[in-house]
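Observations on chain architecture
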Amino acid sequence: MPFFINQNNERSMRLNEQGGIVTYAGLKGNALLLTIVTIGTCGFSLFGYDQGLMSGIIASNQFNTEFPATYQANADDVHAGTVQGSVTSCYEVGCFFGAMFAYFFGDRLGRRRMMLLGAVVMIIGTVITVTSFGPGAPNGNVGGFVQFIVGRVITGIGNGGNTATVPSWIAETSKAHNRGFLICLEASTVAVGTFVAYWIDFGLSFVDSSVAWRFPIAFQIVFALILIGGVLVLPESPRWLLAHGYAPEATRVIAALNATPIDDPATVVERNKLADALEAQAHLQAGSKKEILKGGKNQHLRRALVGASTQLFQQIGGCNAVIYYSTILFENQIGLDTQLSLILGGVLSTVYAIFALSAFLLVEKVGRRKLFLIGTVGQGVAMFITWACLLPGTPGPAKGAAFGLYLFIAFFGATWLELPWLYPAELNSMAVRTQANAVSTMTNWLSNFLVVQVLPTMTASIGAWTFFLFAMANVIFLPFIYFFYPETAGRTLEELDVVFAHAHLTKRRPTLIAAELPKLTDHQIATMTERYDIHGGAADIEAPGTYGAAENAGEPDTTLPPAHPDAFRGGPGPAEKRTHATSSDSSAEGTRSGTPVYGEKPAPTA
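Residues numbered from 1 in each chain as written. Predicted model: local features only at pLDDT ≥ 70, side-chain atom pairs only at ≥ 80, totals over all residues. Heavy atoms only, no water.

1. Some remarks on the overall build of the protein
To be explicit about the condition: The helix and strand labels rest on DSSP assignments: H or I over at least four residues marks a helix, E over at least two residues marks a strand, and numbering proceeds from the N terminus. Categorising residues by exposure relies on relative accessible area from a 1.4 Å probe, with only protein chains included: less than 20% of the type maximum marks a residue as buried, more than 50% marks it as exposed, and the intermediate range marks it as partly exposed. Computed with the Shrake-Rupley method and a 1.4 Å probe, the accessible areas treat only the protein chains shown as cover for residues.
A tally of regular secondary structure across the protein gives 26 helices and zero strands. Expressed as a percentage of its 606 residues, the buried residues of the protein come to 56%. By element, 65% of the accessible surface of the protein is carried by carbon and sulfur atoms, the whole surface being about 23300 Å².

Here's what the structure looks like:
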């Protein structure tokens, strides 16, 4: 590792003593943040690039000639379809193990080191892949086919580590009001990578040599080199730095992101706020992998499962049936010729990219929860249309299935593409965010592998009914989203800890609390965090019912504290404050005993 990838407190302190505005690569403020997101997008572009890459290669004449086992004689050739699925899905196996590596070692290495390692591994895997010569090549043999598969697995390991890390890096360097925008912008470049790959595949389909498939695969190295260059000069997550004892460097990062001097009051306040939260979380021994299994007021397990479910639903909703195999579906299921199928695949990727890039305009205005619901309904309708058009088995109606595929990719690109990468990163507590994000990403790759592996076999054996199964899967998602997915838009990462603790203590669903609880001020977050002893831990073991209060003191106060610390200065005592916060009209609609009337102002003092 270069020396500047490691943190050095003495060096950071010397630089801090110089004062002035802090910059990284000459950037500060919004320019620095956008650059961080831009570099992060390169990691996700690699993910999307591989999706589009294999769609155009797996059934191409040049590839099938070099690797004859992948040649599918007709639409009903189940054996060749299974081989195609295996060659494509082995990448997802590698991605799973890469995400698993991030789970165990990601927090120890840090965000930058993890991304640097992932990019280097991807380059190694790509080189192994493009230098393979299969049985159909002069001087080639079956060992070349094995080499191709091994190279894809290694490339996947690097990508799996990156996709488990990039969302945390973005989430921990951005503000609550633009976190969704930035992560969705980063995730939407999956579609851009797919778009680039589809059209490169189409252009090179006219080249009658192995260059037609070797060059598109080798082009991945360009994205990896950009990622490496950015990671070497951009800052580490300030939350990770504080959690691992690098406070001087964390102060520099916060100052650079805020475009303020090191000693600026806003910088100091923000650093202290993060440090206090992290210090409190340290009492929970967050380094233990068992912490993610905890329920109670922290709700770590619930939050991790909800976050992971987004990745599961994304995959079994049918997205990769369309993205990885669109050209094959156009050719085998709809009956179009190879060149037209490649063109329509490229157009599909263009529609995909356009709608994906629109998502970051919607995510903060519409909200995560509504977009999940809208996207699920749209995807389900699209899959029902595709199924109905393919069911007769005649060319005329089958062309209508193309509309269903385009409609699906439009809804998917605008909603389900980005949200599963954003939602777990902001839903989970800092104490387990690295592990929870890795679990979500591992879920993605396992379900991704399942769909990519079985899709060619399914279409070859049950045809149109494949899309009926995807349609029903989307129908099943709806109640889970409605009852278990709380809105997170506009809330800080620390504020969401309060939302889940409050829901647990008032015995109500987090979805309801998130809808009713107003956006909290820093004072309210700090007060409720201390009141609920969210990061304490000792009370959970000794007296689980008290949650930080003195033993036998009863349930903690769940009323909403004043927005500012001086709101009751000179006013009533604690008991009267609780009376004001809960309101005497406890019978008003929407209130419960012991829960606040959100946003109600305290009664004036005499």
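On we go.
2. Topic: the packing of aromatic side chains
When we look at a pair of aromatic rings, we describe it by the centre distance and by the angle of the planes. Operational definition: For Phe, Tyr and Trp, rings pair up if their centres lie within 6.5 Å, where Trp contributes its six-membered ring, and each pair is then called stacked (planes under 30 degrees apart), edge-to-face (over 60) or tilted (otherwise).
Taken as a whole, this structure holds 36 aromatic pairs when the rule is applied. Aromatic side chains Phe 47 and Trp 445 sit 4.7 Å apart centroid to centroid with 70 degrees between the ring planes, which places their arrangement in the edge-to-face category. One end of the pair, Phe 47, is in helix H2 (residues 29–57); the other, Trp 445, is in helix H20 (residues 433–461), with 398 residues separating them in the sequence. We note that Phe 47, like Trp 445, is buried. Their ring planes at 70 degrees and their centres at 6.2 Å tell us that Phe 384 and Phe 468 sit as a pair that is edge-to-face. Here Phe 468 lies in helix H21 (residues 465–484) and Phe 384 lies in helix H17 (residues 368–390), a separation of 84 residues in the sequence. Judged by its relative accessible area of 23%, Phe 468 is partly exposed. Ring pairing ties together the aromatic residues Phe 313, Phe 372, Trp 416, Tyr 423, Phe 477, Phe 480, Phe 484 and Tyr 485, which thus form one cluster.

3. Some points on the side chain of Arg 152
To keep it simple, the criterion reads: Whenever two N or O atoms come within 3.5 Å, that pair is a polar contact, provided that in protein one can donate a hydrogen and the other can accept it, and provided that, for residues adjacent in sequence, both atoms are side-chain atoms. Contacts are residue-level and defined by heavy atoms, with any inter-residue pair within 4.5 Å sufficient.
One can find Arg 152 in helix H6 (residues 142–173). The exposure class assigned to Arg 152 is buried, which follows from its relative accessible area of 4%. At a separation of 2.9 Å, a polar atom in the side chain of Arg 152 contacts the side chain of Asp 50. The contact partners of Arg 152, leaving out residues within four places of it in the chain, are Asp 50, Met 54, Val 87, Thr 88, Cys 90, Tyr 91 and Thr 129.

4. As for the environment of Gln 84
Here Gln 84 lies in helix H4 (residues 78–109). Between the C-alpha atoms of Gln 84 and Val 452, which are 368 residues apart in sequence, the distance is 9.2 Å. Not counting residues up to four positions away in its chain, the partners in contact with Gln 84 are Ile 58, Ala 59, Thr 70, Gln 72, Tyr 325 and Ile 328. Here the side chain of Gln 84 touches Thr 70 through a polar contact of 2.9 Å, landing on its backbone oxygen.

5. Remarks on the pattern of salt bridges
Where charged atoms from two side chains of opposite charge approach closely, those side chains can pair. As a reminder of what qualifies: Salt bridge criterion: a side-chain nitrogen from Lys or Arg within 4 Å of a carboxyl oxygen from Asp or Glu.
Overall, the coordinates contain twelve salt bridges when judged by the stated rule. When the shortest N-O distance is used, the salt bridge between Arg 252 and Glu 249 registers 3.9 Å. You can see Arg 252 and its partner Glu 249 sitting in helix H11 (residues 247–258), three residues apart, about one turn around the helix. Judged by relative accessible area, Arg 252 falls into the buried class, the value being 10%. Residues participating in the shared-partner salt-bridge network are Asp 107, Arg 111 and Glu 172.

6. A few points about the packing of H17 against helix H18 (residues 395–414)
Here is the rule we go by: Angles here are taken between N-to-C directions and fall from 0 to 180 degrees, while the axes themselves are lines fitted to C-alpha atoms, restricted in helices to the stretch in contact. Should an angle lie under 35 degrees it is considered roughly parallel, over 145 roughly antiparallel, and from 65 to 115 roughly perpendicular; all remaining angles are considered oblique. Rotating anticlockwise by less than a right angle from the far helix to the near helix defines a left-handed crossing, while the corresponding clockwise rotation defines a right-handed one. In this count, Pro and Cys sit with the nonpolar residues alongside Ala, Val, Leu, Ile, Met, Phe, Trp and Tyr, while Asp, Glu, Lys and Arg are called charged and the others, Gly among them, polar.
Close contact between H17 and H18 brings their axes to 7 Å; oriented N to C, the two are set at 165 degrees. As summarised for this structure, H17 and H18 are arranged roughly antiparallel, according to the angle between their axes. Crossing geometry of H17 relative to H18 is assigned as left-handed. In this structure, H17 contributes Ile 374, Gly 375, Gly 378, Gln 379, Ala 382, Met 383, Ile 385, Thr 386, Cys 389 and Leu 390 to the contact, and H18 contributes Pro 397, Ala 398, Gly 400, Ala 401, Phe 403, Gly 404, Leu 405, Leu 407, Phe 408, Phe 411 and Phe 412. A breakdown of the residues in the contact of H17 with H18 according to their chemical character gives 15 nonpolar, six polar and no charged.

7. Focus on the confidence of the model for the protein
The condition that has to hold: Confidence scores labelled pLDDT are given residue by residue by the predictor and lie between 0 and 100.
For the protein, the mean per-residue pLDDT works out to 82, and 87% of the residues sit at or above 70. Scored below 50 in pLDDT, residues 537–553 makes 25 contacts in the model with residues more than four places away or belonging to other chains. When the criterion is pLDDT under 50, residues 570–606 qualifies, and its contacts beyond four places in sequence or with other chains add up to 42 contacts.

8. Observations concerning the environment of Val 190
By secondary structure assignment, the location of Val 190 is in helix H7 (residues 176–204). Relative accessible area serves as the criterion here: at 1%, Val 190 is assigned to the buried category. Placed 146 residues apart in sequence, Val 190 and Phe 44 show a C-alpha to C-alpha distance of 5.3 Å. Excluding residues that lie within four positions of it along the chain, Val 190 makes contacts with Phe 44, Phe 47, Gly 48, Gln 51, Tyr 352 and Leu 417.

9. Focus on the environment of Thr 511
Structurally, the position occupied by Thr 511 is in helix H23 (residues 510–516). In this structure Thr 511 comes out as buried when scored by relative accessible area, which is 7%. The spacing of Thr 511 and Arg 369 is 142 residues in sequence and 9.3 Å in space, taken between C-alpha atoms. The residues contacting Thr 511, other than those within four sequence positions of it, are Arg 369, Tyr 482, Phe 483, Phe 484, Tyr 485 and Pro 486.

10. A few points about helix H16 (residues 338–366)
Rules: To estimate the expected span of a helix, count its residues, drop one, and scale the result by 1.5 Å. Here the bend at each residue means the angle between axes fitted to two seven-residue stretches, the one ending at that residue and the one beginning there.
A rise of 1.5 Å per residue sets the reference length of H16, with its 29 residues, at 42 Å; its end C-alpha atoms lie 40 Å apart and thus fit the reference within 8%. The sharpest bend along H16 measures roughly 35 degrees and falls at Phe 360. Listed as buried for H16 are Ser 341, Leu 342, Gly 345, Gly 346, Leu 348, Ser 349, Tyr 352, Ala 353, Ala 356, Ala 359, Phe 360 and Val 363. Where H16 begins, the side chain of Asp 337 points an oxygen toward the backbone nitrogen of Gln 339, at a separation of 3.2 Å.

11. Structural notes on the nonpolar core
Threshold: Only buried residues count toward a nonpolar core. Its members are Ala, Val, Leu, Ile, Met, Phe, Trp, Tyr and Cys residues joined through side-chain atoms within 4.5 Å.
Residues Phe 63, Val 87, Ile 170, Phe 330, Ile 334, Tyr 352 and Phe 412 are the most contacted members of the largest nonpolar core, which totals 133 residues. With 13 residues, H2 is the largest single contributor of residues to this core. If you look at the next biggest cluster of nonpolar residues, it comprises 14 residues, including Ala 503, Leu 505, Ile 525 and Leu 560.

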